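So the chains spell out like this:
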Amino acid sequence: MAERVTVTLTLNGERRTFEVPPGRRLLDLLRDDAGLTGSKEGCGAGECGACTVLLDGVPVTSCLVLAASADGHEVVTVEGLLQAGRLHPFQDSLVTRGGVQCGFCTPGIAVTGAAILARGEADPSEQARLLSGNLCRCTGYTKVIEALQDSFAKGGHAKS
Amino acid sequence: MPSRERTRAAGIASDPGPRSTDHGPLGGRHERPDARAKVAGSTRFVADLALPGMLHAALAVSPVPSARLAGLELAAARAVDGVEAVLTAADIPGKNQVGVVFPDQPLLVEDRVRMVGDRFALVAARTPEAAWEAARLVRPLLEELSAVHDPVAALRPGAPPLHEGGNLIRTFKVVRGDVTRERARADVVVEAEYQIGGQEHAYLEPQACLAIPEARERITIITSCQCPFYVQKAVARVLGLPLAAVRVEQAPTGGGFGGKEDYPSEPAACVAVLAFATGKPVRLVLPRELDMQASTKRHTVVVRHRWGADRDGQLCFAEVETVMDAGAYIGLSTVVAERANASSIGPYRVPAVRVATHVAYTNNLFGGAFRGFGAPQVTWAAEATMDKLARRLRMDPLELRRRNVLDDRRRTTSTGQRLPGPVLASECLDRAAALAGWDEFRARSQANSGPVREGMGIGLVLYGCNLHHGGQRLDRSSAVVILQPDGSVVVRVGLTEMGQGNLAAAQTIAAQALGVDPAVVQVWQPDTTTVGDSGPTVASRGAHMSGLAILDAIRRLRTRLDPVAAELLGCRADEVELAGSLASVRGSPERTVPVAQVASEMAARRIEAIATGWHRTRPRRFDPETGIGAPYEFYAIACQIARVKVDSELGLIRVEEVSAAHDVGRVIHRDAMEGQIQGGIVQGMGWAISEELKLDHGRLANPSFTDYTIPTAADAPKVRITVVESEGASGPFGAKGVGEPSLIPTAAAVRNAVCDALGVEIDRLPLTPPTVVAALGDRHPFAWLLSERRVDEHERLATVDRDG
Ligand code: FES
Ligand code: FES
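Residues numbered from 1 in each chain as written. Chains lettered and ligands numbered in written order. Predicted model: local features only at pLDDT ≥ 70, side-chain atom pairs only at ≥ 80, totals over all residues. Heavy atoms only, no water.

**Student:** Help me understand the overall build of chain A in this model?
**Tutor:** Looking only at helices and strands, chain A features 7 helices and 5 strands. Expressed as a percentage of its 160 residues, the buried residues of chain A come to 57%. Long-range contacts, defined as pairs at least 24 residues apart, comprise 55% of the intrachain contacts of chain A with a sequence gap of at least 6. For chain A, the accessible area works out to roughly 6100 Å², and carbon and sulfur atoms hold 49% of it. Distance between charge centres in chain A, computed from 15 positive and 18 negative side chains, equals 6 Å. (Helix = DSSP H or I, 4+ residues; strand = E, 2+ residues; numbered from the N terminus. Buried < 20%, exposed > 50% of the residue type's maximum accessible area, 1.4 Å probe, protein only. Contact = heavy atoms within 4.5 Å. Areas by Shrake-Rupley, 256 points an atom, 1.4 Å probe, with all protein chains shown as cover. Lys, Arg positive; Asp, Glu negative; His and termini not counted. Charge placed at Lys NZ, Arg CZ, Asp CG, Glu CD.)

**Student:** Honestly, the pattern of salt bridges in this entry has me stumped. Any pointers?
**Tutor:** Between side chains of opposite charge, a pair can form when the charged atoms approach closely. Residues and elements named next belong to chain B. Under the definition given, this model contains 67 salt bridges over all chains. For the salt bridge of lysine 38 with aspartate 34, the shortest nitrogen-to-oxygen distance reads 2.7 Å. Across the pair, aspartate 34 and lysine 38 agree in class, each one buried. Measuring nitrogen to oxygen at the nearest pair gives 3.5 Å for the salt bridge that ties aspartate 533 to lysine 233. (Salt bridge = Lys/Arg side-chain N within 4 Å of Asp/Glu carboxyl O.)

**Student:** What is the right way to look at the sheet that holds strand E21 (residues 576-579) of chain B in this model?
**Tutor:** Strand-to-strand pairing in sheets goes through backbone hydrogen bonds, with the strands running parallel or antiparallel. Residues and elements named next belong to chain B. Taking strand neighbours across the sheet as the criterion, the 3 strands line up as E21-E22-E23 in an open arrangement whose pairing is antiparallel. Only two strands of the sheet have a single neighbouring strand rather than two, namely E21 and strand E23 (588-594). In this sheet, adjacent strand axes meet at a mean angle of 35° when their direction is disregarded. Relative to strand E22 (residues 582-585), E21 is paired through 4 bridges, and the arrangement is antiparallel. (Pairing = 2+ DSSP bridges. Axes fitted to C-alpha atoms, helices over the stretch in contact; angles between N-to-C directions.)

**Student:** How do you make sense of the packing of helix H3 (residues 89-96) of chain A against helix H6 (residues 142-153) of chain A when you look at a structure like this?
**Tutor:** A pair of packed helices is captured by two measures, namely the crossing angle of their axes and the spacing between those axes. Residues and elements named next belong to chain A. Their axes nearest at 8 Å, the elements H3 and H6 cross at an angle of 130°. For the element pair H3 / H6, the angle class is oblique. Taken as a pair, H3 and H6 cross one another with a handedness that is right-handed. On the side of H3, the interface is formed by Pro89, Phe90, Ser93, Leu94 and Thr96, while H6 contributes Val144, Ala147, Leu148, Asp150 and Ser151. Split by residue class, the contact of H3 with H6 holds 6 nonpolar, 3 polar and 1 charged. (Parallel < 35°, antiparallel > 145°, perpendicular 65-115°, else oblique. Left-handed = near helix turned anticlockwise from the far one by under 90°. Nonpolar A, V, L, I, M, F, W, Y, C, P; charged D, E, K, R; others polar.)

**Student:** Just checking my understanding: could you explain the confidence of the model for chain B for this structure?
**Tutor:** The predicted coordinates should not be examined in detail at positions where pLDDT is low. Residue and element names in this part refer to chain B. Looking at chain B, pLDDT values average 93 and 94% of them are 70 or higher. Residue range residues 796-804 is modelled with pLDDT below 50. Its contacts to residues more than four positions away, or to other chains, number 0 contacts. For this predicted complex, the interface score ipTM comes out at 0.98, alongside a pTM of 0.95. (pLDDT = per-residue confidence, 0-100.)

**Student:** Help me out: how do you make sense of the packing of aromatic side chains in this one?
**Tutor:** Here a ring pair, both rings aromatic, is described through the centre-centre distance and the interplanar angle of the planes. Residues and elements named next belong to chain B. Under the defined criterion, the tally for this structure stands at 4 aromatic pairs over all chains. Ring centres 5.9 Å apart and planes at 85° place the aromatic pair tyrosine 194 and tryptophan 380 in the edge-to-face group. Taken together, the residues tyrosine 194 in strand E9 (residues 188-196) and tryptophan 380 in helix H10 (residues 375-393) connect sequence positions 186 residues apart. What makes tyrosine 194 buried here is its relative accessible area of 0%. For the ring pair tyrosine 632 and tyrosine 635, a centre distance of 5.9 Å and an interplane angle of 85° mean the geometry is edge-to-face. Judged by relative accessible area, tyrosine 635 falls into the buried class, the value being 10%. Looking at arginine 183, its charged tip hangs above the ring of phenylalanine 317, at a distance of 5.7 Å from the centre. Lying over the aromatic face of tyrosine 203, lysine 260 brings its terminal NZ or CZ to 4.4 Å of the ring centre. (Phe/Tyr/Trp six-rings, centres within 6.5 Å; stacked < 30°, edge-to-face > 60°. Lys NZ or Arg CZ within 6 Å of the ring centre and 35° of its normal.)

**Student:** Would you explain the interface of chain B and chain A in this entry?
**Tutor:** By a widespread convention, an interface's size corresponds to the accessible area lost as its parts come together. Facing the 52 residues of chain B at the interface are 42 residues of chain A. Across the chain B/chain A interface, buried area totals approximately 3500 Å², and carbon plus sulfur atoms make up 58% of it. Among the residues of chain B in contact with chain A, B:Val39, B:Leu204 and B:Ala713 are the three that bury the most area, contributing 20% of the side total. At the boundary of chain B with chain A, the tally comes to 6 salt bridges. For the salt bridge of A:Asp92 with B:Arg36, the shortest nitrogen-to-oxygen distance reads 3.3 Å. Across the contact surface, chain B and chain A share 20 residue pairs in polar contact (both at pLDDT 80 or more). (Buried area = accessible area lost by both parts, 1.4 Å probe. Polar contact = N/O pair within 3.5 Å; in protein donor to acceptor, adjacent residues only side chain to side chain.)

**Student:** Would you mind showing me how to read the nonpolar core here?
**Tutor:** For soluble globular proteins, nonpolar side chains are generally found buried alongside one another. All names here are of chain B. Within the largest apolar cluster, 110 residues are counted, with the highest numbers of intra-cluster contacts made by Ile196, Trp307, Leu389, Ile641, Ile653 and Val754. With sequence-adjacent residues up to four places away left out, valine 754 is seen in contact with Val644, Val646, Ile653, Ile762 and Leu767. Counting 63 residues, the second largest nonpolar core, distinct from the first, contains Ala135, Val235, Ala268 and Leu274. (Core = buried A, V, L, I, M, F, W, Y, C linked by side-chain atoms within 4.5 Å.)

**Student:** Looking at this structure, I do not really get the domain arrangement of chain A. What am I missing?
**Tutor:** Residue and element names in this part refer to chain A. Taken as a whole, chain A is organised into domain 1 (5-81) and domain 2 (89-153). Computed over C-alpha atoms only, the centres of domain 1 and domain 2 are separated by 21 Å. Counting each side, the surface lost to burial between domain 1 and domain 2 is near 1000 Å², with a carbon and sulfur contribution of 70%. Across the contact surface, domain 1 and domain 2 share 0 salt bridges. There are 3 residue pairs in polar contact (both at pLDDT 80 or more) connecting domain 1 and domain 2. When contributions to the side of domain 1 that touches domain 2 are tallied by element, the ones reaching two or more residues are strand E3 (52-55) and helix H2 (78-81). Considering every element that reaches the side of domain 1 that touches domain 2, the biggest residue donor is E3, with 3 residues. Taken together, the residues of the side of domain 1 that touches domain 2 sort by class into 7 nonpolar, 6 polar and 3 charged. (Domains from an automatic or database assignment.)

**Student:** Teacher, can you tell me more about unusual backbone geometry here?
**Tutor:** Excluding glycine, a negative phi dihedral is what most residues carry, and trans is how most peptide bonds are arranged. All names here are of chain B. Cis geometry marks the peptide bond from leucine 765 to proline 766; its omega dihedral reads 0°. In this fold, proline 766 is placed in the loop between strand E32 (764-765) and helix H19 (769-776). For alanine 202, which is not a glycine, the phi torsion comes out positive at approximately 55°. Note on placement: alanine 202 falls in the loop between E9 and strand E10 (208-214). Note on alanine 202: relative accessible area 0%, which makes it buried.

So this is what it looks like as structure tokens:
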């Protein structure tokens, strides 16, 4: 039997324990072990941001994080942004402002955007800089930034 | 005669647009039907699908571009724990062939390697790690052969041939007018050679597919793709099955841009063969590095120009010779070349034209479909030449274009086709110029010195909508509409959603035609068993072709719906109107019955509530030998103006703003349309300035997002959009495609803006910092330093030579 490590973390508000091989990536734990396929793998190398999750509130590319290192920490995925089945204000703005095209980058963008809102960053060029780790090949980013502005204007930063 | 009265323009930057109106959802901003699931992370892409017992596929591929394969050692691969199959060419049950147009490409190498990434063997294992480990352990016995990496050199006598018959695949031409006579008349002549690099699609979702076999009799493929019917044919061929035994379902597709047009047939054929051999479901997700190496690219091309104009700036003649690097297999290269050839002159009136477009085999990356399909490269060249002519004539580039564009009176294109409908080239030029503040900018940009310089440039395109004459046999489309007993509606079309908004467009068109709310219309992704072969989702034809098929289906459905509504309303069937979710009596809008009630009445009476629809384009005349005739059914025009800042010391370019004027016929879904334009501009900008395919003996040297740099949110320019709507286009409600016209002019506009800023000509794309610095030559602020270094290098080389 191959070696296993125990990882206990707070996942989307729930305490969960997993037995995983020591080299397992957080992204695989989320997708394969926890069945949360919302986080996507676009590159596996920390370059595209499709796998972004919040680790203790900070956006990280989960393809570069060892599952074991999340032990004892808090992880929020795109699925965890929803509150009682309702979209997070930024997710809602992405929908109403046309910020979603193919949708593959979208979960990662939703997570990073939620963190930008939580941080209270209102300046669009600063928001664009903070989003620059999340590649999107479809939208040209305009409507994504507009969605951030929109949810900010609606007080999304206070609610998140 | 079409005239300005019949056109109207909507400035989107200022106009929020209706969310939906009394006249229905057309042109509104209602939510895209796919957005909520995508934003919540609940949309299932292929990599999110798994079945009990499913195996994972991996590919053993060639690291060298040209070799003879003497044999394969498979024992080590087969010994990896968890491996269930390692297959080679001999194990393919049907034909070992995946060429989409021409049968020159085996699925698995039999004896000859022609490109890095050619497949030797297929592996299926219980984990992806085991599968890729085994693939790495497949040992090919290779005898390397000489390779050719320059498409121009590939056409010279003595170049190593990739296939029997030499490296020239085909030459396309346009021959019109007397070039010799017109050349004698020209007062200025510009000659140039443009070196235009290719582009990687960089869709965020890598290529992925899943095969589910049923005995050895039939198979389901679920795949990220643009063209399920291409995949169906490819899988049927490698498995030796009839088409009806292959069901291809398009999975939600994380971006395509042409990169999921023909290429997905290859991975699908791989998993199909593995699934048949193992009897188990098999899934393949390409790692990004292999995806970038092996999948198709925008073609690298060389374009030579000789264009002349008279003193007044009237074009006299244009000669264009293009060489396209197809890579090792034809794929779609001839089809791309056909479009490049027909698009070489742009929306200009030129009395004499000579175009030749050659397609060459090399051992480089695999050229294929990419948003614009050959038009972006030739447009880049044409627009660069127009600016050179303007500089030679000391004329405003905008003015030079105004004097030469086609218009309602002079509407014959370079291929001799009379343009149908209003010709909006001047309109687009003027609107883009007004948005960009062209005149004001030129008035104040005279003193453009200092290290950071500003410039403005134009890109203009005439885009042939739908498929070229050569692909006409594929230009048809199918739709199915089902009215449910509760009044909701199922729509299926044969064209795909890959992010561009085809679901939203199909939903809007169906809702508009049935007079119902878009929210009650569900458009499902295509599946080859539910709709007829509709050809590929390419050439900005998705909304157009599926829309017309939907309208046809609804027309047929209404032959059964209207009589029932008429009975409920107490009127004649031909008096029934549908709008606002109600059926009403024409002329008596107070007499209404909900569409949902009509639907339940149809169900109660067991009336057929399903209808199919079909659309095919009208046949056109075209002579492939001379390139004269009607290559396309109709055209769209777009003008973009870029404003840039260039750091002349570092060669760094910042695109500040792009102003875009698009002739779209009619807006179907405003957010989707704007999203296409914004996304196309940013993708075009990336190609223009930063996306460089670095090749090392046919191997991609930068197969990652760190080294192949696509634009980020911080790089995106401000985009201003104005759309010109007009009557008369043949699309659904008069709409024209916008997916490709959005990208094509961008790189040209950026190039012209950079040259305007620096006062030099740059004939090479992308405009990376070294290219910009090299183009500045003696004008570079530190030219003295660079020239000293060149002298040093000469001396050092001379020393090396002497020392031997
Ligand atoms: S998959 Fe993690 S950054 Fe791309
Ligand atoms: S929506 Fe397709 S990559 Fe962002």
